[in-house]
Amino acid sequence: MPKIFIDNTSYEVKAGKNVLEACLTLGFDLPYFCWHPAMGSVGACRQCAVKVYKDENDTSGKIIMSCMEGVRDGMHLSIDDKAAKAFREQVIEWLMTNHPHDCPVCDEGGSCHLQDMTVMTGHDYRRYDYKKRTYVNQYLGPFIHHEMNRCIQCYRCVRFYKDYAGGKDLNVFAAHNHVYFGREKDGTLESPFSGNLAEVCPTGVFTDKTLRQHYTRKWDLTSAPSVCQHCSVGCNTIAGERYGGLRNIVNRYNAEVNGYFLCDRGRFGYEFVNSENRITKPQVMHQAVDENALMHHLETVLTNHSLIGIGSPRASMESNFALLDLVGKENFFCGVYNEEMMLERRITDILDSGKIPVASLKQIEDADAVVILGEDIWNTAPMMALAVRQSVMKTGGREATEKTPMPEWHELAVKELQQNTKGFMVNVTVTETSLDEIASLNINAAPDDIARLGFAIANHIHPSLELKNFEEAVLAKAKTIADELLKCSNPVIITGTSCYNDPVLRAAFDIAAALKAAGKAPAIAFVVPECNSMGLAMMRGHAFDTAVRRVNREPNVTAVILEQDLYRNLPAGIVDEFLSKCRNIIVLDSLNNATTEKAHVLIPASTFAEGDGTLISYEGRAQRYYQVYVPDNKYIRESWKWLSRMKMIISGKANGHDPHHDSVISSLETALRQFAGISAAAPSSGFSIHGEQIPREPHRYSGRTAMLANRNVSEPKPVADGDSPLSFTMEGYQGTPPSSAIPFFWKPGWNSPQAVNKYQQEIGGDLIGGNPGVRLFVKSSGNMPEFFKDYPEHFRERQNKWLLLPQSHVFGSDELSVYSAGIAGRSPEPYMGLSPVDAKMLDVTEGSQVTIKSEKEEYSFPVKIVESLRNGIVLVSKGLPGTQGMSWGNWVELAK
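All figures in this text were calculated on a predicted structure; none of them were measured in a lab. (Residues numbered from 1 in each chain as written. Predicted model: local features only at pLDDT ≥ 70, side-chain atom pairs only at ≥ 80, totals over all residues. Heavy atoms only, no water.)

## Remarks on the packing of helix α15 (residues 447-461) against helix α17 (residues 502-517)
Phase 1 of the analysis: For the pair α15 and α17, the least separation of the axes is 8 Å and the interaxial angle reads 15 degrees. Between α15 and α17, the crossing angle belongs to the class labelled roughly parallel. The two elements α15 and α17 cross, and the hand of that crossing is left-handed. Contacts between α15 and α17 involve Pro 447, Ile 450, Ala 451, Gly 454, Phe 455, Ile 457, Ala 458 and Ile 461 from the first element and Pro 503, Val 504, Arg 506, Ala 507, Asp 510, Ile 511, Ala 514 and Leu 515 from the second.
Phase 2 of the analysis: Of the residues assigned to the contact of α15 with α17, the class counts are 13 nonpolar, one polar and two charged. (Axes fitted to C-alpha atoms, helices over the stretch in contact; angles between N-to-C directions. Helix = DSSP H or I, 4+ residues; strand = E, 2+ residues; numbered from the N terminus. Parallel < 35°, antiparallel > 145°, perpendicular 65-115°, else oblique. Left-handed = near helix turned anticlockwise from the far one by under 90°. Contact = heavy atoms within 4.5 Å. Nonpolar A, V, L, I, M, F, W, Y, C, P; charged D, E, K, R; others polar.)

In structure tokens, the structure reads:
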């Protein structure tokens, strides 16, 4: 490791880093604006100046920008040199000549990187008395508020939006002292990652518009570490509350998962917590009752009928296990479509075998090749799509700098060398996607043909199949892809359940297995539909159609349905048949929906913001989310607490006390060995540091007496939290807590999100103590063949039949996020996609209404003609408001 000298003190630093990164990693406070650890250095702001000397005898030195200078052994530099300090202070003063004096009314006030850096440089008095430059602000859509007068021209916004995220409708205009960052004209920002501008911007130019609608100073938020609820990636978040309502979601850094960023669905999809559609009181036969009446009724129902439970892919592991514990393993069923359950079981079998490691988002970013089979990850897992983009661009940069060595952090120089060089990425999907523009090869095909191509690729890499009846064009493409993959070291194969096609999953495994046999280090990623789909699949519950048969043959069945709208996941006819045969229907959920309307007993469940739980992401990473606040409504509590009370009723041991979280997790580990180690995802509830809990409120928190003065002029005693090591106060341990229990990022002098660098082992690296979460797929079970060898036949169209497949959307397909007005506004209208040939055959045009006939159900949608779609396939918007679960992956009839 190079040894450098900072103000005559020696330090060992990591090779390949720039001086700014090294100084921040060592704990020095050195101001900066344009540099960002995820986006590298451009040297635009001139704020990070230090003085560098030739050697220990040099007394004059020269001022350089620390973000543009790499560390080298024996380097001597000074942060505290008078000239360097004066330079940094002068830069701030230049920036302030046009910056408005509006900190008290700025959304970023008190949590602003510009404020922090101004204080850090010592600039505390403005001498500029002349007219300031002003701009007209733009409307940028429902998520981002624009206040251009606050801009300091650091260029972070366009570097993230255009270069990092691939957006096209935000740019920099004009020149010199009049540059403008915005759109060509007013309009909604199109990128599904636009919300990151609110954290990337070091001032208040781009701010969270949803927070403005119920604004609270960020130091007045009660916050807790959480996990995104809207897809299977498991991005880490921080949720903030004030006055009993959720106010915002911000990124929680996890080097292996989402890093510094979130997608807009995860950032802005939280309003369902505050929705007027919330279930607020228990109901029996559609009549509101108190808890005593509820328990009395449940005692009658639970002790006189046989029980079955319907597990949920969006409920926590604790709640799903509490339901299984209540009804028994033989009576626990998965509340998902049967075909989907079988696909997820295939995925868990593959991952549990341990033959191929599962790829984290960080591993996808670092991959030198990516093959996507059958999954439109832009819509089903947006942050994974962003990781794929980084893989393509980073690999291209590495290839471009092989002949002219250049450190990866030197962004402008790398881009100049890279030009249009990109890493290898193949996107094989049913129809065109937003990732097509960066792919080396795009192929649109039917699911069976996607699988056949996958098997052919695997066979070219490592011959294991006797391929018969394969088209020459397919074999040629397979050879091209295989040859490129064999040039790589750590490729990643990505697939998922969207094709409702088991051969696609098997083909993805075969490619990875073939690469491993060829001496490569592949990884694989399987995208599943919801935030805990993987956890539910690992529980090995029975198929839903088995539950339907059960209620048809047994007349006295009580069904307990956990946190889901069955009508979204399953065809309505199947759900209607099931519910009509149940003697009693008990539903636990947080929102009213079509399933809750059929409930005989309805019990209000907490959301992620009001309760504790654990989710398991697509990579088998168990991650804990913590209760953000105690709701005023005494009936709202975690489903696992309600279900545990029900079990007490059955056992005759009802005592009115809820179980502790630690005991539920311990029981889960004991009862289901596949979850061994899940308790390590977070500290136990008894954890403390020097006898102190971890405060959910920063020490600057204000108004905790005044905000409740309408109830009591005396400050109430804080609510005790027996389920976590966090306290509902501002008092507690003020140091760095365990990484999985960080409720906010703050250190003295660092009030903005940039404070995260004080929590990292090295800048842009792992958090101190390791990244949150624990991977459960780590041991090899050995129960997997070397290769799958049963490939499907070539896809053939059927007369008057179409293969029904879902079309997911970033905005709208998720059940919960659509309760946010901004998300709902970005959601498209439902449609049916047909190929031009099929549309002509049906004699329909764009916008014509066409009816789908499937399993005694009929659905009508307007037609959208999709040029890239294969004949014989019909795509239908999935999950949008007004749509229902369908027989995905089955053949249906169409009628004009």
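Picking up where we left off.
## Focus on the sheet that holds strand β26 (residues 621-625)
Phase 1 of the analysis: Taken together, the three strands give an open sheet; going across it, the order is β25-β26-β29, and neighbouring strands pair in antiparallel fashion. Each having just a single partner strand, β25 (613-616) and β29 (774-775) make up the two edges of the open sheet.
Phase 2 of the analysis: Two strands pair when backbone bridges link them, and β25 and β26 are joined in this way by four bridges, in the antiparallel orientation. Bridging across to β26, Thr 614 finds its partner in Arg 624. (Pairing = 2+ DSSP bridges.)

## Let's talk about the pairing of strand β23 (residues 584-589)
Phase 1 of the analysis: The element β23 is largely enclosed, with a buried count of six among its six residues.
Phase 2 of the analysis: The pairing of strand β22 (residues 557-562) with β23 spans five bridges and is classified as parallel. Across the sheet, residue Thr 558 finds its bridge partner in β23, namely Asn 584.
Phase 3 of the analysis: Examined bridge by bridge, β23 and strand β24 (residues 601-604) share four bridges and lie parallel to one another. Note on β24: the bridge partner recorded for Leu 588 is Ile 603. (Buried < 20%, exposed > 50% of the residue type's maximum accessible area, 1.4 Å probe, protein only.)

## Digging into the sheet that holds strand β20 (residues 492-496)
Hydrogen bonds between backbone groups are what pair the strands of a sheet, and the pairing can be parallel or antiparallel.
Phase 1 of the analysis: One open sheet accounts for five strands, arranged β19-β18-β17-β20-β21; its pairing is parallel. Looking at the sheet topology across the chains shown, the edges are occupied by β19 (441-444) and β21 (523-527). Across the sheet, the axes of successive neighbouring strands diverge by a mean angle of 10 degrees, strand direction being ignored.
Phase 2 of the analysis: Strand direction decides the pairing type here: β20 and β21, joined by five bridges, are parallel. By the bridge assignment, Ile 493 is partnered in β21 with Ile 524.
Phase 3 of the analysis: The strands touched by helix α16 (residues 472-485) are β17 (369-373), β18 (424-429) and β19; relative to β18, the strand with the most contacts, the crossing angle is about 145 degrees.

## Focus: the packing of aromatic side chains
Phase 1 of the analysis: By the definition in use, this model includes 21 aromatic pairs.
Phase 2 of the analysis: Here Phe 143 and Phe 811 contribute two aromatic rings whose centre-to-centre distance is 5.9 Å and whose plane-to-plane angle is 45 degrees, an arrangement assigned as tilted. Of the two residues, Phe 143 is situated in the loop between α3 (113-121) and β6 (144-146) and Phe 811 in the loop between β30 (802-807) and α24 (821-826); the sequence distance between them amounts to 668 residues. By the burial criterion, Phe 143 is buried, and Phe 811 matches it.
Phase 3 of the analysis: Taken together, the ring pairs in this structure connect Phe 160, Tyr 164, Tyr 253, Tyr 260 and Phe 261 into an aromatic cluster.
Phase 4 of the analysis: Positioned over the ring face of Phe 728 is Arg 696, at 3.8 Å from the centre of the ring.
Phase 5 of the analysis: Positioned above the aromatic ring of Tyr 759, the side-chain terminus of Lys 747 is 5.0 Å from the ring centre. (Phe/Tyr/Trp six-rings, centres within 6.5 Å; stacked < 30°, edge-to-face > 60°. Lys NZ or Arg CZ within 6 Å of the ring centre and 35° of its normal.)

## A closer look at unusual backbone geometry
Phase 1 of the analysis: Within the chain, Gln 153 stands out as a residue other than glycine whose phi angle is a positive 55 degrees.
Phase 2 of the analysis: The backbone of His 690 sits at a positive phi, close to 55 degrees, despite the residue not being glycine.
Phase 3 of the analysis: Turning to its location among the elements, His 690 is positioned in the loop between α23 (661-671) and β27 (694-695).
Phase 4 of the analysis: The exposure class assigned to His 690 is exposed, which follows from its relative accessible area of 74%.

## What about helix α19 (residues 544-553)?
Phase 1 of the analysis: Within α19 the residues assigned to the buried category are Phe 544, Ala 547, Val 548, Arg 550 and Val 551. Mapping the buried residues of α19 onto a view down its axis gives an arc of 160 degrees, with all of them on the same face.
Phase 2 of the analysis: Each element contacted by the buried residues of α19 is listed here: β15 (306-311), β16 (332-334), β22, α20 (566-569) and α21 (572-581). (Arc of directions from axis to C-beta.)

## Thoughts on the pattern of salt bridges
Pairs can form between side chains of opposite charge whenever their charged atoms are close.
Phase 1 of the analysis: Within the structure shown, the criterion is met by 49 salt bridges.
Phase 2 of the analysis: One salt bridge in this structure joins Glu 256 and Arg 621, with 2.8 Å as the shortest N-O distance. Here Glu 256 is found in the loop between β12 (245-251) and α7 (264-268), whereas its partner Arg 621 is found in strand β26, with 365 residues between them in sequence.
Phase 3 of the analysis: A relative accessible area of 30% places Glu 256 in the partly exposed class.
Phase 4 of the analysis: Note that Glu 471 and Arg 452 form a salt bridge whose closest N and O atoms lie 3.9 Å from each other. Residue Glu 471 is located in the loop between α15 and α16, and its partner Arg 452 is located in helix α15; the two are separated by 19 residues in the primary sequence.
Phase 5 of the analysis: Of the residues examined, Glu 471 reaches a relative accessible area of 28% and is grouped as partly exposed.
Phase 6 of the analysis: Overall, the relative accessible area of 3% leaves Arg 452 in the buried class. (Salt bridge = Lys/Arg side-chain N within 4 Å of Asp/Glu carboxyl O.)

Shape descriptors only; they carry no functional weight alone.
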